Amino acid sequence: MKQKKIVIVALVLTVIAIISGCGNGRGLNYDICRRGDALREIMVGVKSNKTDFKIDEITLDFYYGSEHGISGYRSDSDLMELGVGVYLCNAKDFDPIYEANSSFGIENYKDIDGLYFVRFIDMGEYNSTEYNVKLPFPLFGTPKYNHKETLTIPASIIDREKEYRLSTYFCLIILRIVYNKAQSKCSYDHLGYLGIEYEFLDDETVRLSEPGCTLF
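The shown structure was predicted, so the numbers you read here are calculated from the model rather than taken from an experiment.

Draft legend 1. Local environment of the nonpolar core. Core analysis: the biggest nonpolar cluster contains 30 residues, and Ile58, Leu60, Phe170 and Leu208 have the highest contact counts within it. Contributions of two or more residues to this core are made by β2 (43-48), β4 (59-65), β5 (79-90), α3 (123-126), β10 (168-180), β11 (185-202) and β12 (205-209). Looking at this core, the element that brings in the most residues is β11, giving 4 residues. Non-local contacts of Ile58, meaning those with residues more than four positions away in its chain, are made with Phe53, Leu151, Thr152, Ile153, Ile158, Phe170, Val206 and Leu208.

Draft legend 2. Region of interest: the state of the cysteines. Applying the stated criterion across every chain yields a total of 0 disulfides. With no disulfide of its own, Cys171 has Cys89 as its nearest cysteine by sulfur position, at a separation of 4.9 Å.

Draft legend 3. Focus on the environment of Gly69. Looking at the element boundaries, Gly69 is found in the loop between β4 and β5. For the pair Gly69 and Arg40, spaced 29 residues apart in sequence, the C-alpha separation works out to 8.6 Å.

Draft legend 4. Representation of the environment of Asn90 in the model. Mapped onto the fold, Asn90 is located in strand β5. Distance from Asn90 to Leu115, taken between C-alpha atoms, is 8.3 Å for residues 25 residues apart in sequence. Setting aside residues up to four positions removed in sequence, Asn90 forms contacts with Ile157, Asp159, Tyr169 and Phe170.

Here is what the cut-offs are and how they apply
Residues numbered from 1 in each chain as written. Predicted model: local features only at pLDDT ≥ 70, side-chain atom pairs only at ≥ 80, totals over all residues. Heavy atoms only, no water. Core = buried A, V, L, I, M, F, W, Y, C linked by side-chain atoms within 4.5 Å. Buried < 20%, exposed > 50% of the residue type's maximum accessible area, 1.4 Å probe, protein only. Helix = DSSP H or I, 4+ residues; strand = E, 2+ residues; numbered from the N terminus. Contact = heavy atoms within 4.5 Å. Disulfide = S-S within 2.5 Å.

Written out as C-alpha cells, the structure is:
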C-alpha cells in the first residue's frame, strides 16, 4: 500500500512538472511554419530554448530568407527594388502596415510610422545564397535557412496597456522596399511576417507562445 502511494505521488509530481514546464521548458520553434507571400520570396522562422523573459531581455534567434530570391521589375520600368527592410512592431501597429496600399509616399524607409527599424539588406545580397531557404519535399518537413540573426526585442515593443495585458503579440516584419524614379519616393510590398504571442506573468515578465501557423 505504501509503495502504491509513493507511485501515485510520483505520478502527480511528474504531471505538475510537465504542466509548469510547458511555458519555459519547451521553448519556441517555428521552423516548420512559414509566413510570407505566396511566391515564397520572404519566409521567416524563429527559435528559442525558453519562453519566459523579463520584458527588456527578450532575445530570440530569427531565421529568414527566400527560396529563389525576389524577382525584379523590368529595366524600362520607373520602379526599382532597393532591397528589403527588417522591422519589429507590436499588435496595434501591425494591421495598418499589413493593410496599407502601395502608394509611393515614404520619404525614409528607416522611419516608417509604427515600425521599429532593425536593418536594411541590399537586394543583391538578399538574393544571394546567404539568404537562401531550402524547402523540404513534401512541404510538411523542416525548411533549412542559411541566415540566422539574434535580436533583442526593444522593451518599447511590448505593450503594457491594460487591454493588452492578457494576450497580444509582436511581429518581425520584412518588406521589399521599392523606389519610384519618377516620383523620387519609396513604397513597400511583398510583406513577410511572423507574429509571436505573449502574456504577462507579472509586471516585468512575459511568457511567449506559438500562434497558429499558415503553411504554404
